[in-house]
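# Breakdown of the fold
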Amino acid sequence: MNQKPTKHTKVLIIGSGPAGYTAAVYAARAMLKPVMVAGMEPGGQLTTTTDVENYPGFAEVIQGPWLMEQMKEQAEAVGTEMIQDHISSVNLKSKPFEAIGDGGQKYSADTIIISTGAQARWLNIDSEQKFRGFGVSACATCDGFFFKDKTVAVVGGGNAAVEEAMFLTKFASKVKLIHRRDSLRAEKMLQNKLMANKKIEIVWDSVVEEVIGDENPKTVKGLKIKNVKTNKLDELKIDGLFIAIGHDPATHLFKDQLNMDKEGYLVTKADSTETNIPGVFAAGDVKDKVFRQAVTAAGMGCMAALEAEKHLSHN
């Protein structure tokens with residue numbers, strides 16, 4: 001079989017989603033003819049989100065998959081070449097940078113924008129996946145609004161879980177924090193705030209066994225939980241479940257080549273998307289564990305493209 005020739009580009013965008021698509025729009029309009037390798041999940045996390053109410057520019061509720069489709073079409077319309085492939089290895093040690101796809105296709109690039117995103121960790125029980133987007137969520141800031149005056153549960157014990165629980169008290173009448181241990185990992189100050197909040201009840205030493213709900217329309221009604229010390233099963237009546245057990249950034253590709261923090265998020269320079277290697281930029285949830293919003297990811301995608309353009313004109 002003949003090896004396909006190496007595909008060279010000034011700007012290679014690895015990963016899609018709001019960060020990648022926005023970077024593509026800006027790079028294409030700067031006449032840089034970017035190439036985007038969209039990855040396993042074109043469109044990223046937003047393709048699994050139904051109602052989006054917080055993306056600026058839309059007065060009506062829009063659908064996550066539709067928004068990503070629009071961004072993709074916009075990036076293509078202004079001149080981005082989209083490739084359905086998944087990058088399996090990169091070499092950032094010499095220039096031009098090199099990337100290799102699953103099928104062996106080689107890419108070389110003068111600059112790279114990494115927008116491979118992150119995935120929320122799930123409990124991975126069938127019933128949770130079944131109601132995902134229908135009462136089961138991994139993002140309180142995205143979906144808390146839909147649970148006004150309702151009872152919700154949060155699973156987790158770290159800072160994220162405590163922050164999500166606190167945030168949800170703005171909407172929900174009752175928040176149950178379910179943690180598999182008998183103490184929280186979250187920092188003390190946060191714990192104190194949590195304990196002081198009358199709307200929050202902590203369910204210790206417990207794990208979720210099953211999400212209970214209706215089929216038509218799909219709605220969450222309750223949870224089966226198990227006490228890990230006594231093995232006793234209990235049912236909780238709830239209207240929504242938020243999973244807050246962490247995220248995994250998709251950065252294993254870049255291990256030993258790019259600087260990361262201890263959780264694996266790419267580290268960039270202050271007020272910049274540039275990594276420790278000049279010409280390699282990171283945008284969106286692959287480097288942002290604080291905001292994790294489509295609009296902040298899109299903003300970083302714009303920054304990355306503008307920084308890549310500047311890098312190319314100076315070198």
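What counts, and where the lines are drawn
Throughout, residues of each chain are indexed from 1 in the direction in which the sequence is written. For this predicted model, a pLDDT threshold of at least 70 governs which residues receive local features, and a threshold of 80 or more governs which side-chain atom pairs are given and counted, while totals over whole chains, interfaces and linings are taken from all residues. Only hydrogens and water are removed before side-chain values are computed, so all heavy atoms of the structure are retained for them. The pairing criterion for strands is at least two bridges between them, as found by DSSP. By the criteria applied, helices consist of DSSP H or I runs no shorter than four residues and strands consist of E runs no shorter than two, each listed in order from the N terminus. Inter-axis angles, ranging from 0 to 180 degrees, are taken between N-to-C directions of lines fitted to C-alpha atoms, where helices are fitted over the stretch in contact. Side-chain atoms alone can form a polar contact between residues adjacent in sequence; in general such a contact is a pair of N or O atoms within 3.5 Å, and within protein one must be able to donate a hydrogen while the other accepts it. Only heavy atoms matter for contacts: two residues are in contact if any of them lie within 4.5 Å across the pair. Cysteine sulfur atoms that pair up within 2.5 Å are treated as a disulfide. Only rings of Phe, Tyr and Trp enter the pairing, Trp through its six-membered ring, and a pair is recorded when the two centres are within 6.5 Å. The plane angle decides the type: under 30 degrees is stacked, over 60 is edge-to-face, the rest tilted. Whether a residue is buried, partly exposed or exposed follows from its accessible area with a 1.4 Å probe, protein chains only, as a fraction of its type maximum: under 20%, in between, or over 50%, in that order. Among buried residues, those of type Ala, Val, Leu, Ile, Met, Phe, Trp, Tyr and Cys that are joined through side-chain atoms within 4.5 Å constitute a nonpolar core.

Moving on to the sheet that holds strand 14 (residues 206-214). Strand order in the open sheet formed by three strands is 14-15-16, and the pairing between neighbours is antiparallel. Only two strands of the sheet have a single partner each, and these edge strands are strand 14 and strand 16 (233-237). Looking at each pair of strands side by side, their axes are set apart by 25 degrees on average, direction ignored. As paired elements, strand 15 (residues 219-227) and strand 16 share five bridges and run antiparallel to each other. When the bridges of strand 16 are listed, Lys 224 appears paired with Glu 235.

What follows deals with the side chain of Thr 275. As for its placement among the helices and strands, Thr 275 is situated in the loop between strand 18 (247-249) and strand 19 (280-282). For Thr 275, the side chain forms a polar contact with the main-chain oxygen of Val 280, separated by 2.8 Å. Those residues within four positions of Thr 275 in sequence are excluded, and the remaining contacts are Leu 258, Val 267, Thr 268, Lys 269, Val 280, Phe 281 and Ala 282.

This part covers the state of the cysteines. In total, this model carries one disulfide according to the counting rule given. Here Cys 139 engages in a disulfide with Cys 142; their sulfurs sit 2.0 Å apart. Residues Cys 139 and Cys 142 are joined by a disulfide whose S-S torsion is about 70 degrees; by sign, that bridge is right-handed.

Attention now moves to the packing of aromatic side chains. On inspection of all chains with the given rule, the structure shows six aromatic pairs. Ring centres of Phe 145 and Phe 146 lie 6.2 Å apart, and the angle between their planes is 75 degrees; this geometry places the pair in the edge-to-face category. Ring geometry for Phe 147 versus Phe 242: centroids 5.5 Å apart, planes at 75 degrees, classification edge-to-face. One end of the pair, Phe 147, is in the loop between helix 4 (140-143) and strand 11 (151-155); the other, Phe 242, is in strand 17 (residues 240-243), and 95 residues separate them in sequence. Taken as a pair, Phe 147 and Phe 242 share a single burial class, namely buried. Chaining the aromatic ring pairs together yields one cluster made of Phe 145, Phe 146, Phe 167 and Phe 171.

So, about the nonpolar core. Within soluble globular proteins, side chains that are nonpolar generally end up buried alongside one another. Membership of the largest hydrophobic core comes to 30 residues, with the highest contact counts inside it found for Val 11, Ile 13, Tyr 55, Leu 67 and Ile 113. At the level of elements, strand 1 (7-14), helix 1 (17-29), helix 2 (64-77) and helix 7 (294-314) are the ones that each hand at least two residues to this core. Sort the elements by how many residues they give to this core and helix 7 lands first, with eight residues. Non-local contacts of Tyr 55, meaning those with residues more than four positions away in its chain, are made with Ile 62, Leu 67, Met 71, Ala 294, Val 295 and Ala 298. Grouped together as the second largest cluster of nonpolar side chains are 22 residues, Val 35, Val 90, Ala 109 and Ile 114 included.

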